[in-house]
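In case you want the letters, here they are:
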Amino acid sequence: MPDSQPQPPQPSSSSPGPADPSPLLLCGARLTDGRTVDVRLGGGRIEAVGTAGSLAAGGTRACGARVDLGGYLLLPAPAEPHTHADTALSADTEGPVSYEPRDVQRRATEATLLQLGHGTTAVRAHVRVGDVQGLGALAAVLQARRALRGLAELTTVAMPRVLTGAAGADGLAMLRDAVKMGASVVGGRPDLDPDPAGYVEAVLEVASEHGCPVDLHTDAGDPARLARLAAMAGGLRPGVSLSPCGDLGRLPSEVASRTADQLAAAGVSVVCLPQGGCGGVDRRGAAPVRLLRAAGVRVAAGSGALRDVSNPVGRGDPLEAAFLLASRYGLAPEEAYDAVSGSARAVLGLPEVRVEAGFPAELLAVRGDGLAGALSLGYSRVVVHQGRVVARTSAVREYCSSAASVELGLPRQGRGEVS
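This one's a predicted model, so the numbers in the text were calculated from it and none came from an experiment. (Residues numbered from 1 in each chain as written. Predicted model: local features only at pLDDT ≥ 70, side-chain atom pairs only at ≥ 80, totals over all residues. Heavy atoms only, no water.)

### Focus on the nonpolar core
If you look at soluble globular proteins, the nonpolar side chains tend to sit buried side by side. If you look at the biggest cluster of nonpolar residues, it comprises 79 residues, and the most contacted ones within it are Val214, Leu242 and Leu292. For this core, the leading source of residues is helix 5 (residues 196-210), giving seven residues. Those residues in contact with Leu242, other than ones at most four positions away along the chain, are Leu216, Thr218, Leu226, Leu229, Leu263, Val268, Ser269, Val270 and Val271. Ranked by size, the runner-up nonpolar core spans 22 residues in total, among them Val37, Phe359, Ala365 and Val382. (Core = buried A, V, L, I, M, F, W, Y, C linked by side-chain atoms within 4.5 Å. Buried < 20%, exposed > 50% of the residue type's maximum accessible area, 1.4 Å probe, protein only. Helix = DSSP H or I, 4+ residues; strand = E, 2+ residues; numbered from the N terminus. Contact = heavy atoms within 4.5 Å.)

### Section: helix 5
The first and last C-alpha atoms of helix 5 sit 21 Å apart over 15 residues, in line with the 21 Å expected at 1.5 Å per residue. Every buried residue belonging to helix 5 is among Pro196, Gly198, Tyr199, Val200, Ala202, Val203, Leu204, Val206 and Ala207, and all of these are buried. Those residues of helix 5 that are buried are in contact with helix 4 (165-181), strand 9 (185-188), strand 10 (214-218), helix 6 (223-233) and strand 11 (240-244). Among the residues trailing helix 5, Gly211 stands out with phi positive, at a value near 65 degrees. (Expected span 1.5 Å × (residues − 1).)

### Considerations on the pattern of salt bridges
Going through the model one piece at a time under the given rule, you end up with 15 salt bridges. Put simply, Arg315 and Glu320 hold a salt bridge, and the shortest N to O gap is 3.4 Å. Here Glu320 falls in the partly exposed class, since its relative accessible area comes to 22%. Connected through shared salt-bridge partners, Arg176, Glu205 and Glu209 make up one network. (Salt bridge = Lys/Arg side-chain N within 4 Å of Asp/Glu carboxyl O.)

### Side note on the side chain of Ser241
With respect to the helices, strands and loops of the structure, Ser241 is situated in strand 11. The residues touching Ser241, leaving out its near neighbours within four places in the chain, are Arg124, Val214, Asp215, Leu216, Ser269, Val271 and Val347.

### Considering the environment of Gly43
By the element assignment, Gly43 lies in the loop between strand 2 (36-42) and strand 3 (45-51). When its relative accessible area of 84% is taken as the criterion, Gly43 is described as exposed. With 20 residues separating them in the primary sequence, Gly43 and Pro23 have C-alpha atoms 7.6 Å apart.

### Section: the state of the cysteines
Tallying each qualifying case throughout the model produces zero disulfides. Cysteine Cys272 remains unbridged, with the sulfur of Cys245 as its closest cysteine sulfur at 9.3 Å. (Disulfide = S-S within 2.5 Å.)

### What about the sheet that holds strand 6 (residues 79-83)?
Pairing is parallel across the open sheet formed by eight strands, whose spatial order is 6-7-8-9-10-11-12-13. Lying at the two open borders of the sheet, with one neighbouring strand each, are strand 6 and strand 13 (299-301). Strand-to-strand twist of the sheet, defined as the mean angle between neighbouring strand axes without regard to direction, takes the value 25 degrees. Two elements, strand 12 (residues 269-272) and strand 13, share three bridges in a ladder whose sense is parallel. When the bridges of strand 13 are listed, Val270 appears paired with Val299. (Pairing = 2+ DSSP bridges. Axes fitted to C-alpha atoms, helices over the stretch in contact; angles between N-to-C directions.)

So far we have only geometry, and geometry alone does not tell us how the molecule works.
As C-alpha coordinates, then:
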(Lines give C-alpha, C1' and ligand atoms only; values in the text may rest on other atoms or scores of the structure.)
Protein backbone atom coordinates (compact mmCIF):
# COMPACT_ATOMS: atom_id res chain seq x y z
CA MET A 1 0.00 0.00 0.00
CA PRO A 2 2.20 2.84 -1.19
CA ASP A 3 1.66 6.41 -0.12
CA SER A 4 0.34 8.71 -2.77
CA GLN A 5 2.71 11.39 -3.94
CA PRO A 6 2.08 14.44 -1.74
CA GLN A 7 1.39 17.68 -3.54
CA PRO A 8 0.81 21.14 -2.10
CA PRO A 9 -2.97 21.65 -2.02
CA GLN A 10 -4.61 24.31 -4.14
CA PRO A 11 -6.26 27.15 -2.21
CA SER A 12 -9.68 25.99 -1.00
CA SER A 13 -12.03 26.29 1.94
CA SER A 14 -9.68 24.10 3.99
CA SER A 15 -6.45 25.66 2.76
CA PRO A 16 -6.47 29.43 3.07
CA GLY A 17 -3.83 31.44 1.25
CA PRO A 18 -1.08 33.32 3.07
CA ALA A 19 -2.97 36.59 2.83
CA ASP A 20 -6.28 35.13 4.06
CA PRO A 21 -6.99 36.81 7.42
CA SER A 22 -9.66 34.31 8.45
CA PRO A 23 -8.72 31.68 11.03
CA LEU A 24 -8.56 27.95 10.42
CA LEU A 25 -10.37 25.50 12.69
CA LEU A 26 -9.02 21.98 13.12
CA CYS A 27 -11.95 19.91 14.35
CA GLY A 28 -12.01 16.74 16.43
CA ALA A 29 -8.28 16.06 16.63
CA ARG A 30 -6.91 13.71 19.26
CA LEU A 31 -3.94 14.80 21.39
CA THR A 32 -1.29 12.52 22.88
CA ASP A 33 -2.90 12.89 26.32
CA GLY A 34 -6.10 11.33 24.97
CA ARG A 35 -8.23 14.48 24.73
CA THR A 36 -10.27 15.20 21.61
CA VAL A 37 -10.14 18.91 20.81
CA ASP A 38 -10.79 21.68 18.35
CA VAL A 39 -7.85 23.94 17.57
CA ARG A 40 -8.26 27.43 16.09
CA LEU A 41 -5.34 28.89 14.16
CA GLY A 42 -4.80 32.49 13.12
CA GLY A 43 -1.89 34.74 12.22
CA GLY A 44 0.46 31.77 12.02
CA ARG A 45 -0.17 30.79 15.65
CA ILE A 46 -2.51 28.65 17.72
CA GLU A 47 -5.24 30.98 18.96
CA ALA A 48 -7.27 28.57 21.08
CA VAL A 49 -7.62 24.92 22.04
CA GLY A 50 -10.96 23.67 23.37
CA THR A 51 -12.99 20.54 23.77
CA ALA A 52 -14.44 19.13 20.56
CA GLY A 53 -17.26 21.37 19.33
CA SER A 54 -16.53 24.21 21.76
CA LEU A 55 -14.86 26.50 19.21
CA ALA A 56 -17.43 26.05 16.45
CA ALA A 57 -20.03 28.44 17.89
CA GLY A 58 -20.95 31.19 15.45
CA GLY A 59 -20.72 29.10 12.31
CA THR A 60 -18.20 29.08 9.48
CA ARG A 61 -18.11 32.85 9.14
CA ALA A 62 -16.88 33.26 12.73
CA CYS A 63 -14.56 30.26 12.78
CA GLY A 64 -13.12 30.49 9.28
CA ALA A 65 -12.36 27.42 7.22
CA ARG A 66 -12.53 24.01 8.88
CA VAL A 67 -10.56 20.78 8.56
CA ASP A 68 -12.09 17.62 10.01
CA LEU A 69 -9.36 15.72 11.86
CA GLY A 70 -11.56 13.01 13.34
CA GLY A 71 -9.41 9.86 13.61
CA TYR A 72 -6.17 11.86 13.48
CA LEU A 73 -3.52 12.47 16.13
CA LEU A 74 -2.36 16.10 16.23
CA LEU A 75 1.33 16.70 16.93
CA PRO A 76 3.93 19.46 16.73
CA ALA A 77 5.35 19.30 13.22
CA PRO A 78 8.71 17.59 12.70
CA ALA A 79 11.82 19.48 11.67
CA GLU A 80 14.72 18.13 9.59
CA PRO A 81 18.16 18.96 11.06
CA HIS A 82 20.32 17.08 8.55
CA THR A 83 19.76 16.59 4.85
CA HIS A 84 21.78 17.18 1.68
CA ALA A 85 19.64 19.14 -0.74
CA ASP A 86 22.34 19.56 -3.38
CA THR A 87 22.74 15.81 -3.95
CA ALA A 88 19.22 14.62 -3.06
CA LEU A 89 17.32 12.50 -5.58
CA SER A 90 20.43 11.86 -7.67
CA ALA A 91 20.86 8.11 -7.10
CA ASP A 92 19.61 7.22 -10.57
CA THR A 93 21.86 9.75 -12.31
CA GLU A 94 24.27 8.27 -14.81
CA GLY A 95 27.78 9.53 -14.26
CA PRO A 96 28.75 12.31 -11.83
CA VAL A 97 26.03 14.26 -10.05
CA SER A 98 25.18 17.43 -11.93
CA TYR A 99 25.85 20.66 -10.10
CA GLU A 100 24.28 22.80 -12.78
CA PRO A 101 22.26 25.41 -10.85
CA ARG A 102 18.97 24.46 -12.50
CA ASP A 103 19.46 20.77 -11.62
CA VAL A 104 20.42 21.54 -8.02
CA GLN A 105 17.46 23.88 -7.59
CA ARG A 106 15.06 21.30 -8.99
CA ARG A 107 16.40 18.53 -6.73
CA ALA A 108 16.43 20.75 -3.65
CA THR A 109 12.87 21.90 -4.29
CA GLU A 110 11.55 18.41 -4.97
CA ALA A 111 13.35 16.96 -1.92
CA THR A 112 11.96 19.64 0.38
CA LEU A 113 8.44 19.10 -0.94
CA LEU A 114 8.84 15.35 -0.44
CA GLN A 115 9.82 15.93 3.18
CA LEU A 116 7.00 18.44 3.58
CA GLY A 117 4.55 15.76 2.51
CA HIS A 118 5.88 13.60 5.35
CA GLY A 119 5.21 16.44 7.79
CA THR A 120 8.49 18.34 7.96
CA THR A 121 7.92 22.09 7.85
CA ALA A 122 11.53 23.19 8.52
CA VAL A 123 14.64 21.74 6.83
CA ARG A 124 18.35 22.35 7.35
CA ALA A 125 20.26 21.45 4.18
CA HIS A 126 24.02 20.90 4.11
CA VAL A 127 25.49 22.24 0.86
CA ARG A 128 29.06 21.86 -0.37
CA VAL A 129 30.94 25.00 -1.28
CA GLY A 130 34.29 25.27 -3.02
CA ASP A 131 35.92 22.67 -5.25
CA VAL A 132 34.14 22.18 -8.58
CA GLN A 133 30.77 23.56 -7.49
CA GLY A 134 32.12 26.82 -6.06
CA LEU A 135 29.15 28.77 -4.73
CA GLY A 136 26.80 27.71 -7.51
CA ALA A 137 25.12 24.89 -5.60
CA LEU A 138 24.52 27.15 -2.62
CA ALA A 139 23.01 29.84 -4.85
CA ALA A 140 20.67 27.24 -6.36
CA VAL A 141 19.51 25.96 -2.95
CA LEU A 142 18.95 29.53 -1.78
CA GLN A 143 16.83 30.09 -4.87
CA ALA A 144 14.82 26.98 -3.95
CA ARG A 145 14.41 28.42 -0.47
CA ARG A 146 12.88 31.58 -1.88
CA ALA A 147 10.54 29.60 -4.13
CA LEU A 148 9.37 27.47 -1.18
CA ARG A 149 8.58 30.39 1.11
CA GLY A 150 5.16 29.89 2.64
CA LEU A 151 5.32 26.11 2.15
CA ALA A 152 8.38 25.15 4.18
CA GLU A 153 11.33 26.85 5.83
CA LEU A 154 14.61 25.82 4.19
CA THR A 155 17.94 26.91 5.69
CA THR A 156 21.44 26.08 4.50
CA VAL A 157 24.75 24.98 5.99
CA ALA A 158 27.86 25.95 3.99
CA MET A 159 30.31 23.01 3.89
CA PRO A 160 33.85 23.77 2.64
CA ARG A 161 36.27 20.88 2.17
CA VAL A 162 39.60 22.33 3.40
CA LEU A 163 40.16 25.41 5.57
CA THR A 164 43.78 25.22 6.74
CA GLY A 165 47.15 25.78 5.13
CA ALA A 166 47.72 27.25 1.70
CA ALA A 167 45.02 25.07 0.18
CA GLY A 168 42.51 26.26 2.76
CA ALA A 169 42.80 29.98 2.12
CA ASP A 170 40.36 29.86 -0.79
CA GLY A 171 37.99 27.67 1.20
CA LEU A 172 37.97 30.09 4.11
CA ALA A 173 37.28 33.05 1.81
CA MET A 174 34.50 31.10 0.13
CA LEU A 175 32.97 30.19 3.50
CA ARG A 176 32.77 33.88 4.40
CA ASP A 177 31.25 34.64 0.99
CA ALA A 178 28.71 31.86 1.53
CA VAL A 179 27.51 33.47 4.75
CA LYS A 180 27.20 36.83 3.00
CA MET A 181 25.14 35.14 0.26
CA GLY A 182 22.64 33.78 2.76
CA ALA A 183 23.96 30.55 4.29
CA SER A 184 22.70 30.76 7.86
CA VAL A 185 24.92 28.01 9.33
CA VAL A 186 28.61 27.18 8.91
CA GLY A 187 29.88 23.64 8.97
CA GLY A 188 31.75 20.98 7.07
CA ARG A 189 33.79 17.91 7.84
CA PRO A 190 36.94 18.64 9.85
CA ASP A 191 38.12 15.02 9.59
CA LEU A 192 38.94 15.60 5.92
CA ASP A 193 41.25 18.54 6.63
CA PRO A 194 44.97 17.87 7.27
CA ASP A 195 44.52 19.87 10.48
CA PRO A 196 41.10 18.96 11.96
CA ALA A 197 41.57 21.19 15.01
CA GLY A 198 42.55 24.09 12.77
CA TYR A 199 39.46 23.46 10.64
CA VAL A 200 37.19 23.62 13.68
CA GLU A 201 38.92 26.76 14.89
CA ALA A 202 38.39 28.44 11.49
CA VAL A 203 34.70 27.46 11.41
CA LEU A 204 34.15 28.73 14.95
CA GLU A 205 35.88 31.99 14.08
CA VAL A 206 33.59 32.60 11.09
CA ALA A 207 30.58 31.61 13.17
CA SER A 208 31.57 34.05 15.89
CA GLU A 209 32.08 36.85 13.35
CA HIS A 210 28.59 36.42 11.90
CA GLY A 211 26.65 35.06 14.87
CA CYS A 212 25.94 31.79 13.05
CA PRO A 213 25.30 28.31 14.43
CA VAL A 214 27.84 25.58 13.67
CA ASP A 215 26.96 22.14 12.29
CA LEU A 216 29.83 19.72 11.70
CA HIS A 217 30.04 16.22 10.24
CA THR A 218 32.10 13.70 12.16
CA ASP A 219 32.18 9.95 12.75
CA ALA A 220 33.22 10.80 16.33
CA GLY A 221 35.66 7.91 16.49
CA ASP A 222 38.51 9.93 18.06
CA PRO A 223 37.64 10.84 21.67
CA ALA A 224 40.65 13.15 22.06
CA ARG A 225 39.59 15.10 18.97
CA LEU A 226 36.03 15.33 20.27
CA ALA A 227 37.30 16.57 23.65
CA ARG A 228 39.24 19.35 21.92
CA LEU A 229 36.21 20.25 19.83
CA ALA A 230 34.00 20.41 22.91
CA ALA A 231 36.54 22.62 24.68
CA MET A 232 36.67 25.02 21.73
CA ALA A 233 32.91 25.03 21.16
CA GLY A 234 31.82 25.38 24.75
CA GLY A 235 29.63 28.40 25.29
CA LEU A 236 29.42 29.40 21.62
CA ARG A 237 26.05 30.90 20.83
CA PRO A 238 23.77 30.23 19.03
CA GLY A 239 25.20 26.73 19.33
CA VAL A 240 27.13 23.79 17.91
CA SER A 241 25.79 20.47 16.66
CA LEU A 242 27.60 17.36 15.47
CA SER A 243 26.38 14.53 13.27
CA PRO A 244 26.08 11.62 12.86
CA CYS A 245 28.64 10.47 15.49
CA GLY A 246 28.09 6.81 14.65
CA ASP A 247 31.54 5.68 15.84
CA LEU A 248 30.83 7.02 19.31
CA GLY A 249 28.84 3.86 19.94
CA ARG A 250 31.83 1.71 19.00
CA LEU A 251 34.10 3.19 21.67
CA PRO A 252 34.59 1.46 25.03
CA SER A 253 31.64 2.32 27.26
CA GLU A 254 33.66 4.32 29.77
CA VAL A 255 35.29 6.36 27.00
CA ALA A 256 31.95 6.99 25.29
CA SER A 257 30.39 8.03 28.61
CA ARG A 258 33.21 10.47 29.36
CA THR A 259 32.94 11.95 25.87
CA ALA A 260 29.17 12.32 26.23
CA ASP A 261 29.70 14.19 29.50
CA GLN A 262 32.14 16.55 27.78
CA LEU A 263 29.67 17.25 24.96
CA ALA A 264 26.89 17.90 27.47
CA ALA A 265 29.05 20.28 29.49
CA ALA A 266 29.91 22.22 26.32
CA GLY A 267 26.26 22.43 25.24
CA VAL A 268 26.98 20.56 22.00
CA SER A 269 23.98 18.83 20.38
CA VAL A 270 24.17 15.56 18.45
CA VAL A 271 22.09 14.77 15.37
CA CYS A 272 21.88 11.04 14.71
CA LEU A 273 20.88 9.46 11.39
CA PRO A 274 18.95 6.26 12.17
CA GLN A 275 17.76 5.85 8.56
CA GLY A 276 21.31 5.57 7.18
CA GLY A 277 24.41 7.61 6.53
CA CYS A 278 25.25 10.47 4.21
CA GLY A 279 28.08 11.47 1.92
CA GLY A 280 29.76 13.50 4.67
CA VAL A 281 30.89 10.47 6.69
CA ASP A 282 32.59 7.18 5.96
CA ARG A 283 30.68 4.73 8.14
CA ARG A 284 27.05 4.10 8.99
CA GLY A 285 25.52 3.49 12.37
CA ALA A 286 23.51 5.69 14.69
CA ALA A 287 25.00 7.45 17.68
CA PRO A 288 24.34 5.88 21.12
CA VAL A 289 21.23 7.93 21.74
CA ARG A 290 20.36 6.55 25.16
CA LEU A 291 23.88 7.13 26.50
CA LEU A 292 23.93 10.68 25.13
CA ARG A 293 20.50 11.52 26.50
CA ALA A 294 21.44 10.12 29.91
CA ALA A 295 24.47 12.44 29.95
CA GLY A 296 22.27 15.45 29.21
CA VAL A 297 23.18 15.87 25.53
CA ARG A 298 20.37 17.18 23.32
CA VAL A 299 19.82 14.47 20.69
CA ALA A 300 17.90 15.11 17.48
CA ALA A 301 17.37 12.80 14.54
CA GLY A 302 17.73 13.60 10.85
CA SER A 303 17.32 11.83 7.54
CA GLY A 304 20.81 12.11 6.07
CA ALA A 305 20.93 11.03 2.44
CA LEU A 306 17.71 11.26 0.48
CA ARG A 307 17.99 8.90 -2.48
CA ASP A 308 21.54 9.76 -3.44
CA VAL A 309 24.54 7.43 -3.81
CA SER A 310 25.00 7.28 -0.01
CA ASN A 311 21.49 5.89 0.50
CA PRO A 312 19.60 5.29 -2.75
CA VAL A 313 16.41 4.39 -0.86
CA GLY A 314 16.45 7.22 1.69
CA ARG A 315 12.89 8.39 2.37
CA GLY A 316 13.39 11.59 4.34
CA ASP A 317 10.49 10.57 6.58
CA PRO A 318 10.79 11.82 10.18
CA LEU A 319 8.25 9.26 11.42
CA GLU A 320 10.47 6.50 10.07
CA ALA A 321 13.43 8.00 11.93
CA ALA A 322 11.38 8.10 15.13
CA PHE A 323 10.13 4.55 14.50
CA LEU A 324 13.73 3.32 14.23
CA LEU A 325 14.77 5.13 17.40
CA ALA A 326 11.92 3.41 19.23
CA SER A 327 12.16 -0.05 17.67
CA ARG A 328 15.93 -0.40 17.31
CA TYR A 329 17.47 1.93 19.86
CA GLY A 330 15.07 1.55 22.76
CA LEU A 331 13.56 5.02 23.10
CA ALA A 332 9.98 5.42 24.23
CA PRO A 333 7.70 6.65 21.42
CA GLU A 334 7.47 10.08 23.09
CA GLU A 335 11.27 10.35 23.31
CA ALA A 336 11.67 9.17 19.74
CA TYR A 337 9.19 11.68 18.39
CA ASP A 338 10.80 14.49 20.38
CA ALA A 339 14.07 13.72 18.57
CA VAL A 340 12.44 14.63 15.22
CA SER A 341 10.27 17.46 16.54
CA GLY A 342 11.04 19.38 19.74
CA SER A 343 14.76 18.60 19.91
CA ALA A 344 15.15 18.98 16.15
CA ARG A 345 13.51 22.41 16.28
CA ALA A 346 15.80 23.40 19.15
CA VAL A 347 18.87 22.38 17.12
CA LEU A 348 17.58 24.56 14.28
CA GLY A 349 17.06 27.47 16.66
CA LEU A 350 13.30 27.46 16.09
CA PRO A 351 10.73 28.28 18.76
CA GLU A 352 9.08 25.49 20.69
CA VAL A 353 5.75 24.14 19.45
CA ARG A 354 3.01 22.77 21.67
CA VAL A 355 -0.65 22.22 20.87
CA GLU A 356 -1.54 25.11 23.14
CA ALA A 357 -2.70 28.68 22.63
CA GLY A 358 0.09 31.11 21.73
CA PHE A 359 2.46 28.61 20.14
CA PRO A 360 3.44 28.57 16.44
CA ALA A 361 0.95 26.79 14.19
CA GLU A 362 3.45 24.22 12.91
CA LEU A 363 1.49 20.98 13.16
CA LEU A 364 1.23 17.46 11.81
CA ALA A 365 -1.95 15.40 11.94
CA VAL A 366 -1.41 11.66 11.50
CA ARG A 367 -4.17 9.08 11.24
CA GLY A 368 -4.08 6.98 14.41
CA ASP A 369 -5.21 6.82 18.02
CA GLY A 370 -1.86 7.17 19.74
CA LEU A 371 1.78 8.00 19.14
CA ALA A 372 2.97 4.40 18.96
CA GLY A 373 0.39 3.60 16.31
CA ALA A 374 1.24 6.77 14.38
CA LEU A 375 4.93 5.83 14.28
CA SER A 376 4.03 2.33 13.17
CA LEU A 377 1.36 2.98 10.52
CA GLY A 378 1.03 6.74 10.13
CA TYR A 379 0.52 6.94 6.38
CA SER A 380 -2.28 9.51 6.06
CA ARG A 381 -1.09 12.97 7.08
CA VAL A 382 -2.18 16.62 7.09
CA VAL A 383 0.59 19.21 7.39
CA VAL A 384 0.14 22.74 8.73
CA HIS A 385 2.77 25.45 8.26
CA GLN A 386 2.31 29.04 9.41
CA GLY A 387 -1.30 28.32 10.23
CA ARG A 388 -2.46 26.86 6.92
CA VAL A 389 -2.70 23.41 5.41
CA VAL A 390 0.23 23.04 3.00
CA ALA A 391 0.23 19.30 2.26
CA ARG A 392 -1.97 16.23 2.51
CA THR A 393 -1.13 12.58 1.98
CA SER A 394 -3.96 10.05 1.92
CA ALA A 395 -3.38 6.32 2.00
CA VAL A 396 -6.06 3.68 1.43
CA ARG A 397 -5.77 0.01 2.34
CA GLU A 398 -8.32 -2.43 0.94
CA TYR A 399 -8.82 -6.16 1.48
CA CYS A 400 -11.04 -8.52 -0.47
CA SER A 401 -14.13 -9.66 1.39
CA SER A 402 -13.74 -12.67 3.66
CA ALA A 403 -15.88 -14.53 6.12
CA ALA A 404 -13.32 -13.90 8.85
CA SER A 405 -13.48 -10.12 8.49
CA VAL A 406 -17.28 -10.15 8.57
CA GLU A 407 -17.47 -12.52 11.51
CA LEU A 408 -14.94 -10.59 13.61
CA GLY A 409 -16.04 -7.14 12.50
CA LEU A 410 -12.51 -6.15 11.48
CA PRO A 411 -12.04 -2.63 10.06
CA ARG A 412 -10.95 -2.29 6.46
CA GLN A 413 -8.76 0.74 7.13
CA GLY A 414 -7.59 1.60 10.62
CA ARG A 415 -10.64 2.61 12.63
CA GLY A 416 -12.75 3.80 9.77
CA GLU A 417 -14.05 2.84 6.38
CA VAL A 418 -12.14 2.98 3.15
CA SER A 419 -12.39 6.44 1.68
